[in-house]
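So the chains spell out like this:
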Amino acid sequence: MILPPSKGRFAPSPSGPLHFGSLVCALASYADIKSKRGKWLVRIEDIDPPREVKGASRQILLQLESHGLRWDDSVVYQSNRLSLYSEIINDLQNKGAIYFCDCNRARLRELNGVYDKFCKTRQLISEGNATRLIINSDLDYISFNDAIFGWQEQNLTTNVGDFIIRRRDGLISYQLAVIVDDNAQGITDILRGSDLLGSTHRQIFLQRMLGFPQPNYTHLPIATSKNNLKLSKQNLASELPAGRESENLWLALKWLKQNPPQDLKVLSAEEIVGWAVANWNPTTIPPKTIQRAPEGFYDTPCK
Ligand code: GLU
């Protein structure tokens, strides 16, 4: 059997410039796929305009380049792919796999995150309503093996219920867009933050519904600030300091428990990234959901 070529990706949302947490994900996914002689793709997940920061996509790409992280093929922007997502939703509708829902926030809050199929038989129209995917109880047990966190299992009926794939305002959900694009781009290896570990079961369910192959999953601890909050623009993550790329990369490798030698620090970004590929060892990364970022990478918020 001829296996497809290995492909990994970094898929940032343009909600701000890269910070330490996004650098470790980018570097780890790069080193992982390049150590398998695969391709590394970049996809900008820009389908949530309210969360988007003007100029962030361009800045992220410049920061990746200055850190020696060069992508293969052209950058994909999800905002150019909206018609493909709509086609997939139409296919799901033709299969009888979705329905429309007008439940308000107050009602959903009472359900504690597990939807009770209230709208399934109500025959609502799509306009102005959310689109939910039906979780068939024969297929609702999902398990997979994560390269760092090990065996993961979830019953979707009891944990989430029929979930939203298109919001009432027409925005496509992350869960749908991510699996459509990972499939279209031929991604074989997904490496990302542990905040998405619990989304993976839903994504595998969608892949099965659509007949897509299942990629390999590796989730990393997420980098946090002092108060154990995920580094993000809201939680005072600092923008990666420009002009200190080698140090940023060295600290990222140390954080990823790759044991970088001291004298690596003085080399160029490209040379450090080359070392990371040649010495990549994900088995040393602990299966912890969070891990503190080094001092200096938070508390000075991005502008
Ligand atoms: N766009 C998502 C984020 O920035 C990551 C998606 C993924 O890696 O699956 O959090």
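Provided above is the structure to which this section pertains.
The structure reproduced in this document is the subject of the present report. Given the structure is predicted, the values throughout are model-derived calculations rather than measurements.

### Let's talk about helix H2 (residues 56-66)
Line of reasoning, step 1. Taken together, the buried positions of H2 are occupied by Ala56, Ser57, Ile60, Leu61, Gln63 and Leu64. Buried residues in H2, looked at end-on, bunch into an arc of 160°, giving them a common side.
Line of reasoning, step 2. Contacts made by the buried residues of H2 are with strand E1 (7-10), helix H1 (20-35), strand E2 (39-44) and strand E3 (76-77).
Line of reasoning, step 3. Of the residues trailing H2, Gly68 is marked for its positive phi of about 75°.

### Brief notes about the site of the ligand
Line of reasoning, step 1. All residues adjacent to the ligand are Arg9, Ala11, Pro12, Ser13, Glu45, Tyr174, Val178, Arg192 and Leu196.
Line of reasoning, step 2. At 2.7 Å, a side-chain N or O of Tyr174 approaches an oxygen atom of the ligand.
Line of reasoning, step 3. At a separation of 2.9 Å, an oxygen atom of the ligand approaches a polar side-chain atom of Arg192.
Line of reasoning, step 4. Taken by itself the ligand offers 300 Å² of open surface, and the protein chains cover 79% of this.
Line of reasoning, step 5. Partitioned by chemical class, the residues of the shell around the ligand number five nonpolar, one polar and three charged.

### Considerations on the packing of aromatic side chains
Line of reasoning, step 1. Applying the stated criterion across every chain yields a total of five aromatic pairs.
Line of reasoning, step 2. Relative to Trp255, the ring of Phe20 has its centre 6.0 Å away and its plane inclined at 80°; by these criteria the two rings are edge-to-face. Of this pair, Phe20 sits in helix H1 while Trp255 is found in helix H8 (residues 245-255), placing the two residues 235 residues apart along the sequence. For the residue pair Phe20 and Trp255, the accessibility class agrees, reading buried in each case.
Line of reasoning, step 3. For the pair Phe20 and Phe297, a centre-to-centre distance of 4.7 Å together with 40° between the ring planes defines the contact as tilted. Residue Phe20 is located in helix H1, and its partner Phe297 is located in the segment after strand E12 (290-292); the two are separated by 277 residues in the primary sequence. Judged on exposure class, the residue Phe20 and its partner Phe297 are both buried.

### What about the sheet that holds strand E8 (residues 163-166)?
Line of reasoning, step 1. Strand order in the open sheet formed by three strands is E4-E5-E8, with antiparallel pairing between adjacent strands. Across the chains shown, the open sheet's two edge strands, defined by having one partner strand only, are strand E4 (98-101) and E8. Averaged over all neighbouring strand pairs, the angle between strand axes comes to 45°, with direction disregarded.
Line of reasoning, step 2. In this structure, E4 lies alongside strand E5 (residues 130-133), joined through four bridges in antiparallel fashion. For Phe100, the partnering residue across the bridge sits in E5 and is Thr131.
Line of reasoning, step 3. Relative to the sheet, helix H3 (residues 82-94) contacts E4, E5 and E8, its axis offset from that of E4 by approximately 105°.

### Notes on unusual backbone geometry
Line of reasoning, step 1. Even without a glycine there, the phi angle at Asn112 is positive, about 55°.
Line of reasoning, step 2. Counting through the fold element by element, Asn112 comes out in the loop between helix H4 (105-110) and E5.
Line of reasoning, step 3. Classification of Asn112 by relative accessible area gives exposed; the value is 67%.
Line of reasoning, step 4. Residue Lys257 is not a glycine yet carries a positive backbone phi of 55°.
Line of reasoning, step 5. In this fold, Lys257 is placed in the loop between H8 and helix H9 (269-278).

Parameters and conventions
Residues numbered from 1 in each chain as written. Predicted model: local features only at pLDDT ≥ 70, side-chain atom pairs only at ≥ 80, totals over all residues. Heavy atoms only, no water. Buried < 20%, exposed > 50% of the residue type's maximum accessible area, 1.4 Å probe, protein only. Helix = DSSP H or I, 4+ residues; strand = E, 2+ residues; numbered from the N terminus. Arc of directions from axis to C-beta. Contact = heavy atoms within 4.5 Å. Near = heavy atom within 4 Å. Polar contact = N/O pair within 3.5 Å; in protein donor to acceptor, adjacent residues only side chain to side chain. Areas by Shrake-Rupley, 256 points an atom, 1.4 Å probe, with all protein chains shown as cover. Nonpolar A, V, L, I, M, F, W, Y, C, P; charged D, E, K, R; others polar. Phe/Tyr/Trp six-rings, centres within 6.5 Å; stacked < 30°, edge-to-face > 60°. Pairing = 2+ DSSP bridges. Axes fitted to C-alpha atoms, helices over the stretch in contact; angles between N-to-C directions.

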